[in-house]
Amino acid sequence: MGVMERQCVILYDPRRDAGKYEIYEPTRKLFAAQAHAVRGILTVLNERGERRQPILVGEIGVGKSSVALVAARSHGAKRVLIFCPPHLLDSWRNEVAAVFPDADYRVLQSISDVDAVRDADPNRFLVAVVSRETAKL
């Protein structure tokens, strides 16, 4: 393990960095591992510069969507754009409502929907979702 730690520098270690970043408290409480994932994402976003982008990988049902939403809001994002398969549009609506019931949720199907997001209240957290098939058009 020592060789691995020397060769692959750990950016976020829960033993050392658990209190480093405040995270926005969602309505549905995160599990400890999910909160650590949020803080790991914030570490990459805040300390690695614009060219470093976090990638969150996990099995179905481990809370990647919740983690992504909380990380975005904790980082200060006011707008989040989600690309997903068309059959997951309702799932995303439910996820957003469970994590941040005060957030606006929009499905983008046309240019006018994009304009509506642009013109929405800039002080409200907004999640816009577009199916990958709509995005291709």
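Preceding this section is the structure that the text describes.
Since the model is a prediction, treat every value here as computed from it, not as a measurement. (Residues numbered from 1 in each chain as written. Predicted model: local features only at pLDDT ≥ 70, side-chain atom pairs only at ≥ 80, totals over all residues. Heavy atoms only, no water.)

A.B. asks: Would you explain the overall build of the protein in this entry?
C.D. replies: The helix and strand tally for the protein stands at seven helices and three strands. Counting from the amino terminus, helix and strand elements in the protein follow one another as α-α-α-α-β-α-β-α-β-α. Taking the principal axes of its C-alpha atoms as reference, the protein extends roughly 55 × 30 × 30 Å. Looking at the 137 residues of the protein, the share that counts as buried comes to 34%. In the protein, once contacts between residues fewer than 6 apart in sequence are set aside, the share between residues at least 24 apart is 60%. Total accessible area computed for the protein in this model is approximately 9100 Å², and 55% of it derives from carbon and sulfur atoms. Computing the positive centroid from 20 side-chain charges and the negative centroid from 17, the protein places the two 4 Å apart. (Helix = DSSP H or I, 4+ residues; strand = E, 2+ residues; numbered from the N terminus. Buried < 20%, exposed > 50% of the residue type's maximum accessible area, 1.4 Å probe, protein only. Contact = heavy atoms within 4.5 Å. Areas by Shrake-Rupley, 256 points an atom, 1.4 Å probe, with all protein chains shown as cover. Lys, Arg positive; Asp, Glu negative; His and termini not counted. Charge placed at Lys NZ, Arg CZ, Asp CG, Glu CD.)

A.B. asks: How do you make sense of the pattern of salt bridges when you look at a structure like this?
C.D. replies: Note on pairing: side chains with opposite charge can pair once their charged atoms come close. What the rule picks out here adds up to eleven salt bridges. Where salt bridges share partners, they join Glu5, Asp13 and Arg15 into one cluster. (Salt bridge = Lys/Arg side-chain N within 4 Å of Asp/Glu carboxyl O.)

A.B. asks: Help me understand the nonpolar core, please; the structure alone is not making it clear to me.
C.D. replies: What tends to happen in soluble globular proteins is that the nonpolar side chains get buried as a cluster. Formed by 25 residues in total, the largest nonpolar core has its most connected members in Val38, Trp92, Val127 and Val129. At the level of elements, helix 3 (32-47), helix 4 (64-75), strand 1 (79-84), helix 5 (89-99) and strand 3 (126-131) are the ones that each hand at least two residues to this core. For this core, the leading source of residues is helix 4, giving five residues. (Core = buried A, V, L, I, M, F, W, Y, C linked by side-chain atoms within 4.5 Å.)

A.B. asks: What exactly am I supposed to notice about the packing of aromatic side chains here?
C.D. replies: Given two aromatic rings, one states the distance between the centres and the angle between the planes to describe the pair. Enumeration according to the criterion identifies two aromatic pairs in this entry. Taking 5.4 Å as the distance between ring centres and 75° as the angle between the ring planes, the aromatic pair formed by Tyr24 and Phe100 counts as edge-to-face. Within this pair, whereas Tyr24 is found in the loop between helix 2 (14-17) and helix 3, its partner Phe100 is found in the loop between helix 5 and strand 2 (104-107), the two being separated by 76 residues in sequence. Measuring from centroid to centroid gives 5.5 Å for Phe100 and Phe125, while their planes differ by 75°, and the two rings are edge-to-face. Linking Phe100 in the loop between helix 5 and strand 2 with Phe125 in the loop between helix 6 (111-119) and strand 3, this pair joins segments that are 25 residues apart in sequence. For Phe100, a relative accessible area of 2% puts it in the buried group. A relative accessible area of 3% means that Phe125 is categorised as buried. An aromatic cluster of at least three residues, connected via ring pairs, comprises Tyr24, Phe100 and Phe125. Taking the ring centre of Phe100 as reference, the NZ or CZ of Arg73 above it sits at 4.6 Å. (Phe/Tyr/Trp six-rings, centres within 6.5 Å; stacked < 30°, edge-to-face > 60°. Lys NZ or Arg CZ within 6 Å of the ring centre and 35° of its normal.)

A.B. asks: Sorry if this is basic, but what is going on with the packing of helix 3 against helix 4 here?
C.D. replies: Two measures define how a pair of helices packs: the angle their axes make with one another and the distance between the axes. Where helix 3 contacts helix 4, the axes come no closer than 9 Å and their chain directions differ by 45°. The angle between the axes of helix 3 and helix 4 places the two elements in the oblique class. Remark: the crossing between helix 3 and helix 4 carries right-handed chirality. In contact with Gln34, Ala37, Val38, Ile41, Leu42, Leu45 and Asn46 of helix 3, helix 4 contributes Val67, Val70, Ala71, Ser74 and His75. Here the residues of the contact of helix 3 with helix 4 sort into eight nonpolar, four polar and no charged. (Axes fitted to C-alpha atoms, helices over the stretch in contact; angles between N-to-C directions. Parallel < 35°, antiparallel > 145°, perpendicular 65-115°, else oblique. Left-handed = near helix turned anticlockwise from the far one by under 90°. Nonpolar A, V, L, I, M, F, W, Y, C, P; charged D, E, K, R; others polar.)

A.B. asks: Quick question: what am I supposed to make of the pairing of strand 1 here?
C.D. replies: Moving residue by residue along a regular strand, the side chains alternate between the two faces of the sheet. Only one face of strand 1 is covered, namely the one carrying Val80, Ile82 and Cys84; the face carrying Arg79, Leu81 and Phe83 has none of its residues buried. Examined bridge by bridge, strand 1 and strand 3 share six bridges and lie parallel to one another. Opposite Cys84, over in strand 3, you have Ser131 as the bridge partner. (Pairing = 2+ DSSP bridges.)

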